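# Notes for the structure review
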Amino acid sequence: MYAEFYGLQELPFALTPDPRFIYFTPSHTEVMANLHYGIESGKGLIVVTGEVGTGKTTILRWMMQRLDRTVLVAYIFNPRLSVTEFYQHVATLLDVQQWQTKSELLLELGRALESRHSRGLRTVLIIDEAQGLSSQVLEEIRLLSNFESDTAKQLQIVLTGQPELRDVLNRTDLRQLKQRIALRCVIKPMPNVEETDRYITSRLLVAGARRTDLFSPGAIDYIFRCSEGIPRNINNLCDNALLTSYAAGETTVSRSTIEEIAETFDMLPSVDRGLQPGEEHAGVARIFSAAGRAELWAAGTGAAEAEADTVPQLETF
Ligand SMILES: Nc1ncnc2c1ncn2[C@@H]1O[C@H](COP(=O)(O)OP(=O)(O)OP(=O)(O)O)[C@@H](O)[C@H]1O
Ligand SMILES: [Mg+2]
């Protein structure tokens, strides 16, 4: 594969949430600090949201690896659980034995949490992909958030999920749960080209790169635009671009290679497709310069439609 060709010890842009590769953008740093503070100070319920592929699972894994032995963590990442399955998971992960019914489990769990809390030990329940949890399970989570001493929550609960999680938590039937959220934070995509550049460089270095200029400045600029700063998209573009460039014997990835990959993966920047970020394909009004309009007019309506997608720069006026 291309790793050897580029002097890398491993593939730098895998799609797995490997915490060894973590790069702290200001947003990732802020979320990490919030998680740390919330868990340390017994805040109770913490909610972290972020677009698909922004690094939620990566951050959780990074944090879990660094919690010391005084913290017991139960990590659940399959949100499609029934209430019974949910409790089975919680009991197993928090090492609660000797229970048959839900009330027995809650009693035992209460004792275990109380005992840990009194010895200065912390207990954390983390649920990833929480946007997929059913109302029933979320109601049980509310019950679990009631374990508390006079001064602190005995069970710290972290819910992470895609932005839809906010809609879920805004549902009227879940308003009691919403009121218990002590901390909320949002993971944001890379905000600009510079941060995207640093992200790419950081991953290359972790993969053992001796050269960090494997991507030309033009390539990085276009990666930022196509990926909208989302790490998983950046990884996809970079991995495929390195493979393509390697096949062509090129030692540096050029902007045109990124353009080619973006086209193949249907990841062209929305502005190049005549869209604003977040807008749908159909029915979008496009704005052309006077010269562009004249050209399209001359080409006729059918051709104009076809042409419109390929007009390289749509200028506003
Ligand atoms: N801060 C970061 N530093 C390094 N790599 C990152 C970072 N954030 C995300 N990634 C990389 O981006 C990819 C997607 O990350 P991850 O799976 O954590 O996203 P997610 O927000 O959990 O996505 P989903 O919403 O689909 O669950 C992974 O390959 C991960 O390594
Ligand atoms: Mg995830």
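Residues numbered from 1 in each chain as written. Chains lettered and ligands numbered in written order. Predicted model: local features only at pLDDT ≥ 70, side-chain atom pairs only at ≥ 80, totals over all residues.

### Here we look at the overall build of the protein
The following threshold applies: Helix and strand assignments come from DSSP, with helices taken as H or I runs of at least 4 residues and strands as E runs of at least 2, each series counted from the N terminus. Any residue with 12 or fewer other C-beta atoms within 10 Å of its own C-beta is exposed, any with 20 or more is buried, and the rest are partly exposed; the C-beta atoms used are placed from the backbone. Any pair of residues counts as being in contact when their C-beta atoms, constructed from backbone geometry, are within 7 Å of one another.
Within the protein, the secondary structure is distributed over 14 helices and five strands. Among the 317 residues that make up the protein, the fraction classed as buried is 31%. Within the protein, counting contacts between residues at least 6 apart in sequence, those at least 24 apart form 74% of the total.

### Re the environment of Pro-189
Here Pro-189 lies in the loop between strand 5 (181–187) and helix 9 (193–206). By the C-beta count within 10 Å, which is 22 here, Pro-189 ends up buried. Not counting chain neighbours up to four residues away, the residues in contact with Pro-189 comprise Glu-51, Thr-54, Glu-228, Gly-229 and Ile-230.

### Re the sheet that holds strand 2 (residues 71–76)
Put simply, the test is: When DSSP locates at least two bridges between a pair of strands, those strands are taken to pair. Where helices are involved, their axes are fitted lines through C-alpha atoms of the stretch in contact, as for all axes, and angles between N-to-C directions lie from 0 to 180°.
The sheet built from five strands is open, its strands ordered 2-3-4-1-5 with parallel pairing. The outermost strands of the open sheet, each flanked by one partner alone, are strand 2 and strand 5. Averaged over all pairs of adjacent strands, the angle between strand axes in this sheet comes to 15°, irrespective of strand direction. The pairing of strand 2 with strand 3 (residues 122–127) spans six bridges and is classified as parallel. Each bridged residue has a counterpart across the sheet, and for Val-71 the counterpart in strand 3 is Arg-122.

### Details of the site of ligand 1
For the record, the criterion: The rule is simple: place the C-beta atom from the backbone, and if it lies within 6 Å of a molecule or strand, the residue is near it. By the convention adopted, Pro, Cys, Tyr, Trp, Phe, Met, Ile, Leu, Val and Ala count as nonpolar, Lys, Arg, Asp and Glu as charged, and the other residues, Gly among them, as polar. For each domain, the first and last residues come from an automatic or database assignment.
In the vicinity of ligand 1, 21 residues are found, and the nearest of them are Gly-55, Lys-56, Thr-57, Thr-58 and Pro-231. Of all elements in the fold, only helix 3 (56–66) and helix 11 (231–247) reach the threshold of two or more residues within the shell around ligand 1. For the shell around ligand 1, the per-class residue count stands at seven nonpolar, ten polar and four charged. The residues that make up the shell around ligand 1 include at least three from each of domain 1 (26–187) and domain 2 (193–272).

### Examining the packing of helix 9 against helix 11
Using the following cut-off: Here roughly perpendicular refers to angles of 65 to 115 degrees, roughly parallel to angles under 35, roughly antiparallel to angles over 145, and oblique to all remaining angles. Crossing handedness: left-handed means the near helix sits turned counterclockwise from the far one by under a right angle, and right-handed means the same turn made clockwise.
The interhelical angle for the contact between helix 9 and helix 11, taken along N-to-C directions, is 60°, at an axis separation of 11 Å. Regarding the angle of helix 9 to helix 11, the classification is oblique. Classified by chirality, the crossing of helix 11 by helix 9 is right-handed. Touching Thr-196, Tyr-199 and Ile-200 of helix 9 are Pro-231, Ile-234 and Cys-238, all from helix 11. Among the residues forming the contact of helix 9 with helix 11, the class breakdown is five nonpolar, one polar and no charged.

### Concerning the confidence of the model for the protein
In plain terms, the rule: Every residue gets a pLDDT, meaning the predictor's confidence in that residue, from 0 to 100.
Of all residues in the protein, 85% have pLDDT values of 70 or greater, and the mean over the chain is 87. Segment residues 280–317 is flagged for pLDDT under 50; beyond a separation of four residues in sequence, or across chains, it makes 25 contacts in the model.

### Section: helix 5 (residues 102–118)
Heads up, the rule is: Expected span of a helix, by definition, is 1.5 Å for each gap between consecutive residues, and there is one gap fewer than residues. An arc is given here, and it is the one of the directions from the helix axis to the C-beta atoms.
Taking 1.5 Å of rise per residue, the 17 residues of helix 5 would be expected to cover 24 Å, and the 24 Å separating its terminal C-alpha atoms lies within 8% of that figure. Burial in helix 5 covers these residues: Leu-109, Ala-112, Leu-113 and His-117. In an axial view of helix 5, the angular spread of the buried residues amounts to 130°, which keeps them on one side of the axis. Turned more than 90 degrees from where helix 5 packs its buried face, Ser-103, Glu-104, Arg-111, Ser-115 and Ser-118 sit exposed. The secondary structure elements touched by the buried residues of helix 5 are strand 3 and strand 4 (155–161). Gly-120 lies just past helix 5 and shows a positive phi near 80°.

### Looking at the nonpolar core
One broad trend across soluble globular proteins is that nonpolar side chains are buried collectively. Heads up, the condition is: One nonpolar core equals one set of buried Ala, Val, Leu, Ile, Met, Phe, Trp, Tyr and Cys residues connected by C-beta atoms within 7 Å.
Grouped together as the largest cluster of nonpolar side chains are 39 residues, with contacts concentrated most on Val-47, Leu-125, Ile-157, Val-158 and Leu-159. Excluding anything up to four places from it in sequence, Val-47 contacts Leu-159, Leu-165, Leu-169, Ile-181 and Arg-184.

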